[in-house]
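Analysis of the macromolecular model
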Amino acid sequence: MSRTVILLLDSFGIGYAHDAAAYGDKGADTLGHISECLAKNPRSEGGEVRPLQLPHLAERGLEAAAVLSRGEKLAAPLGAAHTIGAYTYAQEVSKGKDTLSGHWEISGVPVTFDWGYFPNVPHCFPQELVAALIEKGKLPGVLGECHASGTEIIKELGEEHIRSGKPIIYTSADSVLQIAAHEEAFGLERLYELCKIAYELVRPYNIARIIARPFVGTCAADFTRTTNRHDYAVPAPEATLLDKMVAAGGSVYAVGKIADIFAHRGITKHYAAGGLDKLVEATKQAVSEAPDNTIVFTNFVDFDSSYGHRRDIQGYGEALEYFDSRLPEITALLEPSDLLLLTADHGNDPSWTGTDHTREKIPVLFSGAGVECKELPPLATFADIGATIAKFMGIEKTFTGEPVKL
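Criteria and thresholds
Residues numbered from 1 in each chain as written. Predicted model: local features only at pLDDT ≥ 70, side-chain atom pairs only at ≥ 80, totals over all residues. Heavy atoms only, no water. Axes fitted to C-alpha atoms, helices over the stretch in contact; angles between N-to-C directions. Helix = DSSP H or I, 4+ residues; strand = E, 2+ residues; numbered from the N terminus. Left-handed = near helix turned anticlockwise from the far one by under 90°. Contact = heavy atoms within 4.5 Å. Nonpolar A, V, L, I, M, F, W, Y, C, P; charged D, E, K, R; others polar. Salt bridge = Lys/Arg side-chain N within 4 Å of Asp/Glu carboxyl O. Buried < 20%, exposed > 50% of the residue type's maximum accessible area, 1.4 Å probe, protein only. Core = buried A, V, L, I, M, F, W, Y, C linked by side-chain atoms within 4.5 Å. Lys, Arg positive; Asp, Glu negative; His and termini not counted. Polar contact = N/O pair within 3.5 Å; in protein donor to acceptor, adjacent residues only side chain to side chain.

**Overview of the packing of helix α5 (residues 127–136) against helix α7 (residues 183–201)**
- Taken N-terminus to C-terminus, the directions of α5 and α7 make an angle of 145°; their axes are 10 Å apart at the nearest point. Between α5 and α7 lies a crossing whose hand is right-handed. Judged by residue contacts, L129, A132, L133 and K136 of α5 engage L194, I197, A198 and L201 from α7.
- Looking at the contact of α5 with α7 residue by residue, the class counts come to seven nonpolar, no polar and one charged.

Quick look at the structure:
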């Protein structure tokens, strides 16, 4: 028996997708633009230029996959030649460029329908929805009601929220309604209960997720979002790779927000963690504890939430370098029969306009388990990833997708 370990770097795109123009994202390139920026600019005033260095990811094919996807080299080498595993990139067929669509498609269930979205206008939520949320949540009112960056809106409205007791509701280009509230002044459990109410209220609008966004601090200058975020997501319409793994008698160990993304379906054990360091530690614990016939699946959300959405190019690059430096701690725990996948779910180019995700191709880097060192053909759908893992694990084929020969 074998295990599969999936390390998903949330938002780590490697070049704009073929249909990016339809999303206003033609030219977006998360990895490429980070590499270009760090190859040209010192990281501190008066400091030396230090290009992006990701030797362990490069060793598993990242640089080669990026060249294949982008059609040109990165601004500077990542620090190692490709020597381990099989690499390529994948295109997305799901509608949208959000977390749920990317993860579902990877697990064999592309989104073929249209999610509901809230328009980018003031008071963007239907007033009957807002009124029902206020009534059912026993609220004095709400703040926000707009498209916004989560970190900026708590700076702008956090103090008023504490004074008034009104939670902050906002959205983005994704199919989502987010509710921000102070953990102490409003209460964490109260925020979770309010999100459960909102989850039921948005059903008629076909919204994918409600996200609880708790924060702490005393004023706008020190408000900080905490790791107690919680996503309330609709379940996939078909059985995912995770469902099929559990149905076959295997296990799925979910680290970070994976359990939330899959509505806690097809999960046998959940490791709650937030922050890159804690997610690495939780992943190491999950791999150490996982028996044969298990999928360990981690989402490293900070690349997206802390750097991509905040348009922090240097921060994103240094977070990648930190992850790369700790990757050997995870790979050291793998058995020779284990399959490792490094991938992403969409892009979030920190050099791009706005604060939303970008429609990009994703890296697909397989290693371990006797995988040959080779270039794989580009994948026309993320679902080919799930189909490949299903074949490797010897379980029922995913809803869609075709396995690649590793």
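We are not done yet, so read on.
**Observations regarding the pattern of salt bridges**
- One pass over the structure, following the stated rule, counts 25 salt bridges.
- The residue R60 makes a salt bridge to E59 at a minimum N-O spacing of 3.6 Å.
- Note on R60: relative accessible area 13%, which makes it buried.
- On the accessibility criterion, E59 (25% relative accessible area) is partly exposed.
- Put simply, R326 and E281 hold a salt bridge, and the shortest N to O gap is 2.4 Å. Within this pair, whereas R326 is found in helix α12 (residues 313–331), its partner E281 is found in helix α10 (residues 276–289), the two being separated by 45 residues in sequence.
- Judged by its relative accessible area of 11%, R326 is buried.
- On the accessibility criterion, E281 (39% relative accessible area) is partly exposed.

**Details of the nonpolar core**
- Core analysis: the biggest nonpolar cluster contains 113 residues, and F366 and I385 have the highest contact counts within it.
- Among the elements that take part in this core, α7 stands out by supplying nine residues, more than any other.
- Those residues in contact with F366 that lie beyond four places of it in its chain are G85, A86, L339, L340, L341, V371, L376, I385, T388, I389 and L406.

**Here's the deal with the side chain of E105**
- Residue position: E105 is located in helix α4 (residues 99–106).
- Within the buried set, E105 has no salt-bridge partner at all; the shortest N-O distance to an opposite charge, 6.5 Å, is to R359.
- A polar side-chain atom of E105 sits 2.5 Å from a polar atom in the side chain of S94.
- Polar contacts involving the side chain of E105 include one to the main-chain amide nitrogen of F382, which spans 2.9 Å.

Just geometry here; none of it tells us what the structure is for.
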